[in-house]
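Architecture and fold: a report
Here's the letter readout for the chains.
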Amino acid sequence: MIKAAKLAVICLMVGCIFSAQGHQHHHHSHGEGVLFVVHDQGKWQVKFILPAGDIFGFEHQPETAEQKQIIKQTLAQLANSEQLVTFNGECKLIHANFENPFAQRTHHSHNDLEVEYSFSCDKPVSKVTVTLFGWAKTISVIEAQWITKQAQGIEELTATKPYIEWLL
């Protein structure tokens, strides 16, 4: 019971950190994304903030049937967390949360896609790899920030170095 309560408090704190980081310090820049990774007692929280133009190929409201189909296919692709991130431990996706950034009509010309995943891992994790570089070719860099029991840090990830790792 205490472990569950502790995890709930940590998840709440992580949500606040994600929200604060994502909305106050993230600036919309094409080709660049942000990744937050937090670990506590076998549970992992991952959040990406990515320019919609780099993920969907456009940032404006969809105007054609083809653009609407791209949104549908891409959102289906995001349901598979391995399309964005993998762990070197035995991890199971518990929850995925993302929304269509075009669902609400706004006056903003720059939309971001926010994707959150929760994982449970049975074995220790020492490496997290961003896999989206394989299909989101216009993303050139992702600023990764992480907190684990073993380490914390900030690092720029690229297609040639798409992972963060630490010693167990």
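Model, not experiment: these values are computed from the prediction.

This part covers the sheet that holds strand β3 (residues 85–87). Reading across the sheet, the three strands line up as β3-β6-β9 and stay open at both edges, with antiparallel pairing between neighbours. Looking at strand neighbours, the two that pair on one side only are β3 and β9 (163–165), the edges of this open sheet. Averaged over all adjacent pairs, the angle separating strand axes in this sheet is 15°, with direction ignored.

So, about the side chain of S118. Locating S118 in the fold gives a position in strand β5 (residues 112–121). A polar contact of 2.9 Å, which involves the side chain of S118, links it to the side chain of Q45. Non-local contacts of S118, meaning those with residues more than four positions away in its chain, are made with W44, Q45, K92, L93, I94 and H95.

The sheet built from six strands is open, its strands ordered β4-β5-β2-β1-β7-β8 with mixed pairing. Edge positions in the sheet fall to β4 (91–98) and β8 (152–157), since each of these pairs with one other strand and no more. Across the sheet, the mean angle from the axis of one strand to that of its neighbour is 15°, orientation sign disregarded. For strand β1 (residues 32–40) and strand β2 (residues 43–51), the ladder comprises seven bridges, and the chain directions are antiparallel. Its bridge partner lying in β2, D40 is registered against K43.

For the coordinates displayed, the defined rule picks out one disulfide. Here C91 pairs with C121 through a disulfide, and the sulfurs are 2.0 Å apart. Across the disulfide from C91 to C121, rotation about the S-S bond amounts to roughly 105°, and the bridge is consequently right-handed. Placement of C91 in strand β4 and of C121 in strand β5 is noted, with a sequence separation of 30 residues between them. On the accessibility criterion, C91 (27% relative accessible area) is partly exposed.

Our focus in this paragraph is helix α3 (residues 65–78). Here α3 contains 14 residues, and its C-alpha end-to-end distance of 20 Å stays within 8% of the 20 Å for a straight helix at 1.5 Å per residue. Three or more residues of α3 are buried, namely Q67, I71, T74, L75 and L78. Viewed along the axis of α3, the buried residues span an arc of 100°, placing them on a single side of the element. Among the exposed residues of α3, those oriented more than 90 degrees off its buried face are A65, E66, K72 and A76. Lining the buried residues of α3 we find α2 (52–56), β4 and β5.

Grouped together as the largest cluster of nonpolar side chains are 35 residues, with contacts concentrated most on L35, V46, F48, F56, L132 and I142. When contributions to this core are tallied by element, the ones reaching two or more residues are β1, β2, α2, α3, β3, β5, β6 (127–130) and β7 (141–147). Discounting chain neighbours no more than four positions away, the residues touching I142 are G33, V34, L35, F48, L50, V130, L132, F133, E155, E156 and L157.

Inspection of the secondary structure puts A136 in the loop between β6 and β7. A residue is classified by how much of its surface remains accessible, and A136, at 1% relative accessible area, is buried. Separated by 80 residues in the primary sequence, A136 and F56 have C-alpha atoms spaced 8.7 Å apart. Beyond its immediate chain neighbours, meaning those up to four positions away, A136 contacts D54 and I55.

What follows deals with the packing of aromatic side chains. Tallied over the full model, the rule gives seven aromatic pairs. An angle of 25° between the planes, with centres 5.3 Å apart, marks the rings of F58 and F102 as stacked. With F58 in the loop between α2 and α3 and F102 in the loop between β4 and β5, this pair connects stretches of sequence that are 44 residues apart. Judged by relative accessible area, F58 falls into the buried class, the value being 7%. An angle of 65° between the planes, with centres 4.7 Å apart, marks the rings of F87 and F119 as edge-to-face. Note that F87 is positioned in strand β3 and F119 in strand β5, a separation of 32 residues in sequence. Take F87 and F119: they sit in the same class, and that class is buried.

The rules we used
- Every chain's residues receive numbers from 1 upward, in the order its sequence appears when written.
- Note on the predicted model: pLDDT of at least 70 is required for a residue's local features to be given, and 80 or more for side-chain atom pairs to be given and counted; whole-chain, interface and lining totals, by contrast, use all residues.
- Each side-chain value is derived from all of the structure's non-hydrogen atoms; neither hydrogens nor water enter the calculation.
- Pairing between strands is defined by DSSP: at least two bridges between them are needed.
- Counting from the N terminus, the helices are the DSSP runs of H or I reaching at least four residues and the strands are the DSSP runs of E reaching at least two.
- Axes here mean lines fitted to C-alpha atoms, for a helix over just the part in contact, with angles spanning 0 to 180 degrees between N-to-C directions.
- Whenever two N or O atoms come within 3.5 Å, that pair is a polar contact, provided that in protein one can donate a hydrogen and the other can accept it, and provided that, for residues adjacent in sequence, both atoms are side-chain atoms.
- Residue contacts follow a heavy-atom distance rule, with two residues in contact if any of their heavy atoms lie within 4.5 Å.
- Here, two cysteine sulfur atoms that lie within 2.5 Å of each other are counted as a disulfide.
- Per-residue accessibility, obtained with a 1.4 Å probe over protein chains only, is compared with the maximum for each type, and a residue is labelled buried under 20%, exposed over 50%, and partly exposed between these values.
- Working rule for helices: expected span equals 1.5 Å times residues minus one.
- Directions are taken from the helix axis to each C-beta atom, and the arc is the one they span.
- Take the buried residues of types Ala, Val, Leu, Ile, Met, Phe, Trp, Tyr and Cys, join any two whose side-chain atoms come within 4.5 Å, and each joined set is a nonpolar core.
- Note on aromatic pairs: the rings of Phe, Tyr and Trp (six-membered ring only in Trp) are paired at centre separations within 6.5 Å, and the planes decide the class, stacked below 30 degrees, edge-to-face beyond 60, tilted for the rest.

Taken by themselves, the reported measurements are silent on function.
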